[in-house]
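Each chain, written out:
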Amino acid sequence: MTKQKFGAGIWHFATYLDRYATDGYGEPRSVLDAIALAGKVRDLSVVDINYPYFGGSFSNEDIKKALDKESLGVIGITPEIYTREFSKGAFTNPDPGVRRRAHDLITEACDAVRYFNASYVKLWPGQDGWDYPFQVDHGVVWKNSMDGVGQLASENPDLKFVIEYKPREPRVHMNYDSVARTLLGIEKIGLPNIGILLDFGHAIYGGESAADSAQLAIDYGRLFGMDVNDNYRSWDDDLVAGSLHPIELFEFFYVLKKNNWEGVWNLDQFPFREDSVETADHAIDFLKSIEKALEDLDIEALSEAQSKHDAIGALKIAQKALFKNI
Ligand SMILES: [Fe+2]
C-alpha cells in the first residue's frame, strides 16, 4: 500500500467574512499567504485551489513557485462559479450570457488543472438551485444543470470533473443536493469523466450515511474524490474532522478501504476562530488514528457480524479498533 496522502482546500488557510463579521475574522490573506501557511502543516501533500486566485493578480507560474517552495502539489482546481455574478446560478442562470461566462471561467480553470497536472476540476454549483416555491421551472433548471456539466466534460475529455453535492447554502435548495440525485444526473449525462466528490459533512447533514453514499458512488464507478470535516447535522459547520461523528467517519473510511478506493484524504474545514495550521494538524492526526484503526479492525469478525445484521456485535468490533487508537 502506498503512503496515505493528505490534502486540504486552500481556503482552510484563508480568513473569512460572514454576514456578521463583515470586517472579516482576520486580516485578508492572498492565496500566496495561504500556501505559505499550508506549508507549515506537518503532513500535507496537496491542496485544492480556488480559481481565479484570490488576493491579487497571480499567474499559474507564481502559484507554482509558491507551491514548490512548500513541496505541495495540486489535487484540484475549484472555479468560483458561486460569486456575485453567479448569484442566480452558474449552469442554471436565467441569463444565457452568464451561463456562457460560467462555462468560460471553468474552461480557464481546466487549463490550470492541466498546468498543475491536478486530478480534477471541482464543480461546486452552490448558487444553482432555488429559494422559493414557484420560483423556477424545475425541469428546465435540472436540464441546464446537466447540460452545463456535460458540455464541459465533452469538450475536455482529457480531464476529470467532480461534482460536489450539498443540500443547501447558499441556495436554500441546491440542484445537486444528494448522492442519489447527483448520480442520476451524471448517469443521464453519460460521460466517463464526470464523478462525485463526496464531502462527508454534506452527506451527513443531508441525512445520508456517508458510508452508504460512498458505497453507492463506488458501485456506479463515480467516486472520484472526497473531503472530510464534521458538523452537528443541521448545517454545513465545516468543523474539524472526527470532532463530532468519529464512528461514522470510521465507517466511511472502512467502506473506502473495503472497496480498495485509493485517493487523497482531503480536508474541507473552515477554522473561523482557530489557528488554521493547528486545526489541520489536529485533523490529520485524527485521520492517522483512523488509518491505524483500519489496520487493527477485525474484518473477518466484522463481516461475520454484518452477515447477521448484528448491530451490537459489529459496533463492539468497530469501537474497539477505533477508540484504542485515538
Ligand atoms: Fe462544506
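Not measured: the values here are computed from a predicted model.

Chemist: So, unusual backbone geometry: which residues are in play, and what are the values?
Modeler: Geometrically, the link from Tyr51 to Pro52 is a cis peptide bond, its omega value of 0° lying close to zero. At the junction of Glu169 and Pro170, the peptide bond is cis and its omega measures out at 5° in the coordinates. For Pro170, the position within the fold is in the loop between β6 (161–164) and β7 (173–174). In this structure, Arg233 takes a positive phi of about 80° despite not being glycine. Residue position: Arg233 is located in the loop between β9 (223–228) and α8 (246–258). Arg233 gets classed as partly exposed once you count the C-beta atoms within 10 Å, which come to 13. Positive phi, normally seen in glycine, also occurs at Asn260, with a value near 55°. If you trace the backbone, Asn260 turns up in the loop between α8 and β10 (265–267). Residue Asn260 is classed as exposed on the basis of its C-beta count, with 8 C-beta atoms lying within 10 Å.

Chemist: Tell me about the packing of helix α4 (residues 138–155) against helix α5 (residues 179–189), and please be specific about residues and values.
Modeler: Close contact between α4 and α5 brings their axes to 10 Å; oriented N to C, the two are set at 55°. Compared by their axis directions, α4 and α5 come out oblique. By crossing handedness, the relation of α4 to α5 is classed as right-handed. Contact residues: Ser145, Met146, Val149, Gly150 and Ala153 in α4; Gly185, Lys188 and Ile189 in α5. Class assignment of the residues belonging to the contact of α4 with α5 gives a composition of 4 nonpolar, 3 polar and 1 charged.

Chemist: Explain the sheet that holds β9 to me, using residue names and the numbers behind them.
Modeler: Here we have 8 strands rolled up into a closed barrel, ordered β1-β2-β3-β4-β6-β8-β9-β10, and parallel in their pairing. Taken over all neighbouring pairs, the strand axes of this sheet differ in orientation by 30° on average, direction set aside. The pairing of strand β8 (residues 194–199) with β9 spans 4 bridges and is classified as parallel. Bridge pairing links Ile196 to Leu223 in β9.

Parameters at a glance
- Residues numbered from 1 in each chain as written.
- Predicted model: local features only at pLDDT ≥ 70, side-chain atom pairs only at ≥ 80, totals over all residues.
- Helix = DSSP H or I, 4+ residues; strand = E, 2+ residues; numbered from the N terminus.
- Buried ≥ 20, exposed ≤ 12 C-beta atoms within 10 Å, placed from the backbone.
- Axes fitted to C-alpha atoms, helices over the stretch in contact; angles between N-to-C directions.
- Parallel < 35°, antiparallel > 145°, perpendicular 65-115°, else oblique.
- Left-handed = near helix turned anticlockwise from the far one by under 90°.
- Contact = placed C-beta atoms within 7 Å.
- Nonpolar A, V, L, I, M, F, W, Y, C, P; charged D, E, K, R; others polar.
- Pairing = 2+ DSSP bridges.

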